[in-house]
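Reading the structure
The chain contents come next:
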Amino acid sequence: MTHLDWGLTGKTVIVTGATGAIGRAVAQGFAEAGATVAIVDLDQATCETTALSLGLAHRGYGTDLRQFAQLPALIARIEADLGLATTLVNIAGVILRTPDLFTVTEKDWDAQHDINLKALFFLTQAFSKRLADTGTSGSVINYSSQGALSGGFGGSVVYNATKGAITTMTRGMARSWAPLGIRVNSIAPGLVDTPMLKTTGQTDEDRQAMINQIPMKRLGLPEDNVGATVFLASDMARYMTGAMINVSGGFLMY
Ligand SMILES: NC(=O)c1ccc[n+]([C@@H]2O[C@H](COP(=O)([O-])OP(=O)(O)OC[C@H]3O[C@@H](n4cnc5c(N)ncnc54)[C@H](O)[C@@H]3O)[C@@H](O)[C@H]2O)c1
């Protein structure tokens, strides 16, 4: 290996939430780095279109990741089609904004925890078990958020709690699986200009107020997250595990 070997050519990478704004950009980044990408998201047809747009080698897997018991079978299907995946990028997630903390219901709580946290855990468990069983090293990248550290406010508190848990869990997984050669890291995007960022009734002034808080004076773009994500999966990050990289234009500085 040279000092600048990305080592991703011919590797199979699973990206969840891969037809969403950030996931689509990240999937394309891995395809450009030479990897074969398994596009996982809710809708089969959109997954297939996205995969095809990246090239013929890639495949789409329409899956509701809240079907927890089916996740080992998903990992097995991807292996049968594309070979053993050695990188898993957990991007799928939802935010349910409620007017304030007093209006959050149990249903809101479960909807966010089920996909953001529980599905992430059980998919990562199935992925890592396969690596462990075959004695193969690999890497997991979990999408957290700047809100993991700030906590957010009002109606986004529950969402941010799932992101805080992802950052914490990333560290625990990293420590548990380092002896197996499985690295686990997280990315904390700042304020990214995607539909997820928009709140009901958001005005131009609200948007400008967000931008004013960012030292680099612009919202993030989905593409801004690609470099850090591909880097964490690559051999260039071979001595990194348990880390969180913030990609936030300076919004987050720790
Ligand atoms: N946009 C931001 O400002 C921002 C900031 C910090 C962190 N993030 C995180 O980045 C990630 C991507 O965000 P985005 O802005 O691209 O959002 P997005 O809504 O465009 O993408 C999320 C994707 O997850 C998929 N998904 C949701 N539930 C699913 C399920 N049950 N099974 C399978 N797939 C499911 C959706 O279909 C969607 O394609 C999320 O985890 C989000 O929390 C976003």
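See the structure above.
Throughout, residues of each chain are indexed from 1 in the direction in which the sequence is written. The model is predicted, so local features are restricted to residues of pLDDT at least 70 and side-chain atom pairs to those at 80 or more, both for listing and for counting; the totals for chains, interfaces and linings are taken over all residues. Remark: hydrogens and water are excluded; side-chain values derive from all non-hydrogen atoms of the structure.

1. So, unusual backbone geometry
- The backbone phi angle of Lys217 is positive, close to 55°, even though this residue is not glycine.
- Helix numbers and strand numbers start at the N terminus; a helix is a DSSP run of H or I with at least 4 residues, a strand a run of E with at least 2. Here Lys217 shows up in the loop between α7 (204–212) and α8 (226–233).

2. Notes on the environment of Leu65
- Note on placement: Leu65 falls in the loop between β3 (59–62) and α3 (71–82).
- Buried means the residue's accessible area, taken with a 1.4 Å probe over protein chains only, is under 20% of the maximum for its type, while exposed means over 50%, and partly exposed covers the values in between. What makes Leu65 buried here is its relative accessible area of 7%.
- Every residue pair with non-hydrogen atoms within 4.5 Å of one another is taken to be in contact. If near-sequence neighbours (up to four positions away) are discounted, Leu65 is found in contact with Thr16, Val40, Leu71, Leu74, Ala92, Ile115, Ala119 and Leu123.

3. Concerning the packing of aromatic side chains
- When two rings of Phe, Tyr or Trp (its six-membered ring) have centres within 6.5 Å they constitute a pair, described as stacked for plane angles under 30 degrees, edge-to-face for angles over 60, and tilted for the intermediate range. Summed over the entire model, instances satisfying the criterion amount to 2 aromatic pairs.
- Aromatic pair Phe68 and Phe122: ring centres 6.4 Å apart, planes at 55°, arrangement tilted. One end of the pair, Phe68, is in the loop between β3 and α3; the other, Phe122, is in helix α4 (residues 106–134), and 54 residues separate them in sequence.
- Among the residues examined, Phe122 registers a relative accessible area of 31% and is labelled partly exposed.
- Every member of this aromatic cluster is reached through a ring pair, and the members are Phe68, Phe121 and Phe122.

4. Points about the pattern of salt bridges
- Throughout this description, the term salt bridge denotes a Lys or Arg side-chain nitrogen within 4 Å of a carboxyl oxygen of Asp or Glu. Under the definition given, this model contains 7 salt bridges.
- Across the salt bridge formed by Arg66 and Asp64, the nearest N and O atoms sit 2.7 Å from each other.
- Residue class for Asp64 comes out partly exposed when judged on its relative accessible area of 23%.
- Note that Asp224 and Arg218 form a salt bridge whose closest N and O atoms lie 2.8 Å from each other.
- With a relative accessible area of 29%, Asp224 lands in the partly exposed category.
- Counted as one network, the salt bridges with shared partners bring together Asp193, Lys198 and Arg207.

5. Let's talk about the nonpolar core
- Joining through side-chain atoms within 4.5 Å is the link that ties buried Ala, Val, Leu, Ile, Met, Phe, Trp, Tyr and Cys residues into a set, and such a set is a nonpolar core. By size, the foremost hydrophobic cluster in this structure holds 29 residues, and its most contacted members are Val15, Val26, Phe30, Ile39, Val89 and Tyr143.
- Elements represented by at least two residues in this core include exactly β1 (12–16), α1 (21–32), β2 (36–41), α2 (44–54), β5 (138–143) and α8.
- Broken down by element, this core gets its largest block of residues, 6 residues, from α1.
- The residues touching Val89, leaving out its near neighbours within four places in the chain, are Val13, Ile14, Val15, Thr16, Val26, Phe30, Ile141, Tyr143 and Thr229.
- Counting 25 residues, the second largest nonpolar core, distinct from the first, contains Leu65, Ala92, Ala119 and Leu123.

6. Observations regarding the layout of surface pockets
- In this structure, the largest pocket occupies an estimated 1300 Å³ of space.
- Lining of the largest pocket is provided by 50 residues; of these, Ile95, Arg97, Tyr159, Met196 and Leu197 occupy positions nearest its centre.
- Mapped by element, the contributors of at least two residues to the lining of the largest pocket are α1, α4, α5 (147–150), α6 (157–177) and α7.
- Under the grouping applied here, Gly and all other residues not named as nonpolar or charged are polar, the nonpolar ones being Ala, Val, Leu, Ile, Met, Phe, Trp, Tyr, Cys and Pro and the charged ones Asp, Glu, Lys and Arg. When its residues are assigned to classes, the lining of the largest pocket shows 23 nonpolar, 21 polar and 6 charged.
- Both cavities and pockets are sets of points on a 1 Å grid over the protein atoms alone; in a cavity a 1.4 Å probe fits but cannot get out, in a pocket the set is open with protein on both sides within 12 Å along at least five of seven lines, and lining residues sit with an atom within 4 Å of a point. The wall of the second largest pocket is formed by 15 residues, among which Lys11, Ser137, Gly138, Ala233 and Asp235 lie closest to the centre.
- Put simply, the parts of the chain that give the lining of the second largest pocket at least two residues each are β4 (85–90) and β5.
- Considering only residue class, the lining of the second largest pocket consists of 2 nonpolar, 9 polar and 4 charged. Grid points are joined across faces, edges and corners, and a volume is the space filled by probe spheres set on the points.

7. Digging into the sheet that holds β4
- By the convention used here, strands pair only if DSSP detects at least 2 bridges between them. Spatial ordering of the open sheet is given by β3-β2-β1-β4-β5-β6-β7, a layout of 7 strands whose pairing is parallel. Among the strands making up the open sheet, the edge pair consists of β3 and β7 (244–247). Going across the sheet, the axis of each strand differs from the next one's by a mean of 20°, ignoring polarity.
- Together, β5, β6 (182–189) and β7 form the strand contacts of α6, whose direction differs from that of β6 by roughly 160°. Axes here mean lines fitted to C-alpha atoms, for a helix over just the part in contact, with angles spanning 0 to 180 degrees between N-to-C directions.

8. Some words on the pairing of β6
- For β6, the tally of buried residues reaches 8 of 8 residues, placing the bulk of the element in the interior.
- Of the two faces of β6, the one lined by Ile182, Val184, Ser186 and Ala188 and the one lined by Arg183, Asn185, Ile187 and Pro189 are each fully buried.
- Examined bridge by bridge, β5 and β6 share 6 bridges and lie parallel to one another. Looking across to β6, one finds that Val140 is bridged to Val184.

9. Here we look at the side chain of Thr229
- Relative to the elements of secondary structure, Thr229 occurs in helix α8.
- Note on Thr229: relative accessible area 0%, which makes it buried.
- Apart from the residues within four sequence positions on either side, Thr229 is in contact with Val26, Phe30, Val89, Ile141, Tyr143 and Ile187.

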